Amino acid sequence: LRYENLRNLNNERFEFLGDAVIEYLTTLSLFHLLPNVSEGPLSIFRSSIVQNSQLFRLADHLHLNDFLLIDCPAFFIRSKCKFAKFMADALEAIFGLIFIEHSESECHHLLARLLWWGDLKLSNIWISLPEYPVITWSRHVLELCDAIRSVPVFEKLKKFEQSISVEFSFKHLLAKAFTQSSVPFNVFSCGSNGTLEFLGDSILQLTISRYIFMNFPNCEG
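Draft legend 1. Structural view of the overall build of the chain. Check the secondary structure of the chain and you find eleven helices and zero strands. Ordering the α and β elements of the chain from the N terminus gives α-α-α-α-α-α-α-α-α-α-α. For the chain, with 221 residues in total, the buried portion stands at 39%. For the chain, the computed accessible surface area is about 12,800 Å², with 59% contributed by carbon and sulfur atoms.

Draft legend 2. The arrangement of the packing of helix α1 (residues 12–33) against helix α2 (residues 39–50) in detail. Across the interface, α1 lies against α2 with an axial gap of 10 Å and an inter-helix angle of 140°. Here α1 is positioned oblique relative to α2, judged by the angle of their axes. When you trace α1 past α2, the crossing you get is right-handed. Along the contact surface, α1 presents Ile 22, Glu 23, Thr 26, Thr 27 and Leu 30, while α2 presents Leu 42, Phe 45, Arg 46, Ile 49 and Val 50. Its residues assigned to classes, the contact of α1 with α2 comprises six nonpolar, two polar and two charged.

Draft legend 3. Spatial organisation of the side chain of Glu 161. Relative to the helices and strands, Glu 161 is located in helix α9 (residues 152–164). Side-chain polar atoms of Glu 161 contact the backbone nitrogen of Phe 168, separated by 2.7 Å. Apart from the residues lying within four places of it in its own chain, the contact partners of Glu 161 are Val 166, Glu 167, Phe 168, Lys 171 and Leu 174.

Draft legend 4. Expanded view of the environment of Ala 177. Looking at where Ala 177 falls in the secondary structure, it is placed in helix α10 (residues 171–177). Remark: the alpha-carbon pair of Ala 177 and Ser 192, spanning 15 residues in sequence, is separated by 7.0 Å. Apart from residues lying up to four places away in sequence, Ala 177 is in contact with Asn 193 and Leu 196.

Scoring rules and cut-offs
Residues numbered from 1 in each chain as written. Predicted model: local features only at pLDDT ≥ 70, side-chain atom pairs only at ≥ 80, totals over all residues. Heavy atoms only, no water. Helix = DSSP H or I, 4+ residues; strand = E, 2+ residues; numbered from the N terminus. Buried < 20%, exposed > 50% of the residue type's maximum accessible area, 1.4 Å probe, protein only. Areas by Shrake-Rupley, 256 points an atom, 1.4 Å probe, with all protein chains shown as cover. Axes fitted to C-alpha atoms, helices over the stretch in contact; angles between N-to-C directions. Parallel < 35°, antiparallel > 145°, perpendicular 65-115°, else oblique. Left-handed = near helix turned anticlockwise from the far one by under 90°. Contact = heavy atoms within 4.5 Å. Nonpolar A, V, L, I, M, F, W, Y, C, P; charged D, E, K, R; others polar. Polar contact = N/O pair within 3.5 Å; in protein donor to acceptor, adjacent residues only side chain to side chain.

Structural data, given as structure tokens:
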């Protein structure tokens, strides 16, 4: 795992991708496991997991310091902050490599193992994501309340689906995506779009990061 010595022969590009991978997988698990928690606390929980100090601890579990290639080892060992950051960067690079060579699932399993070191039960909970509860609730509503299809905004949502060539199974969730937090809770949208925005932001970041990584091979991280 080489650091900034020779052009394009260091881990910066994989680190760039791995950073997005770790944030996305953390977001995905938090989104599904904490369905009743709002966007603000979810963001705080995510930050506590993906920050460099936490990634350094995870990297230490894997003894990454035994494998680092650093220009001036003595300097970085003396500078604990720089060394911790390089350890975190190396971990992100590993996740980027696994994501490209293997799969998102492999990354998710490794992240779960590192986060819940030695606790198989918690690791399995982290990766065995339950169905989003609003989807289950929406199925029930759609079975009992077909009249909701006559709501004027429903027709607007159909036009939006046509404009992006995507049809959503649960219109309640689509309505939720357009609903601000100031709007009172109602049966049609089942709340505001805060948590969907929380998830969508990390999806966009990973999608764009992967595109840049794959299509601009000469760009450094």
